[in-house]
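Structural overview
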Amino acid sequence: MPDTRPRPVANKTKKLLLEAVLNAMAFHGKKGDRVRMVFMPKDPDPIPEGTEGTVTHVQHIDWGHDKFSQVSVDWDNGRRLSCVVPPDFLTIIAAGKPE
């Protein structure tokens, strides 16, 4: 009978998987894009899931071990709040006009 027990994953493989997940969560949008909030887990007064808005500014930050984007959004519910992606997660619903 074959051995079906899970095998340990090497540290290098874990690092590659984590990088792939973080890249998938990274924000690839630009100013003018329309976005929808998927989730905002760490904010005490989060933007509700499903709320839409327009991106006003994007700044990509790379501290070597930590990469994220700060995305400023004018939300359709009247709020103006920046998101930090990750852990916040936005989806682009319409591309803005090219600059």
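Please refer to the structure higher up on the page.
Throughout this document, residue positions are counted from 1 along each chain, in the order its sequence is written. Note on the predicted model: pLDDT of at least 70 is required for a residue's local features to be given, and 80 or more for side-chain atom pairs to be given and counted; whole-chain, interface and lining totals, by contrast, use all residues. Only hydrogens and water are set aside when side-chain values are computed; all heavy atoms of the structure are taken into account.

1. Digging into the sheet that holds strand β3 (residues 67–75)
Rule in force here: When DSSP locates at least two bridges between a pair of strands, those strands are taken to pair. Put simply, DSSP marks the helices as runs of H or I at least four residues long and the strands as runs of E at least two long, and each gets a number from the N terminus on. Only the stretch in contact is used when fitting a helix axis, every axis being a line fitted to C-alpha atoms; angles between N-to-C directions are given from 0 to 180 degrees.
Taken in spatial order, the 5 strands of this open sheet run β4-β3-β2-β1-β5, and their pairing is antiparallel. Because the sheet does not close on itself, it has two edges, and the strands there are β4 (80–85) and β5 (89–94). Sheet twist, expressed as the mean angle between neighbouring strand axes with direction ignored, is 35°.

2. So, the pattern of salt bridges
Rules: Each reported salt bridge corresponds to a side-chain nitrogen of Lys or Arg within 4 Å of a carboxyl oxygen of Asp or Glu.
This structure, assessed with the given rule, holds 6 salt bridges. A salt bridge links Arg79 to Asp45, with the nearest nitrogen and oxygen atoms 3.8 Å apart. Here Arg79 is found in the loop between β3 and β4, whereas its partner Asp45 is found in the loop between β1 (34–39) and β2 (52–62), with 34 residues between them in sequence. One salt-bridge network, held together by shared partners, links Arg34, Arg36, Glu52 and Asp76.

Don't take any of this as a statement about function, it's just geometry.
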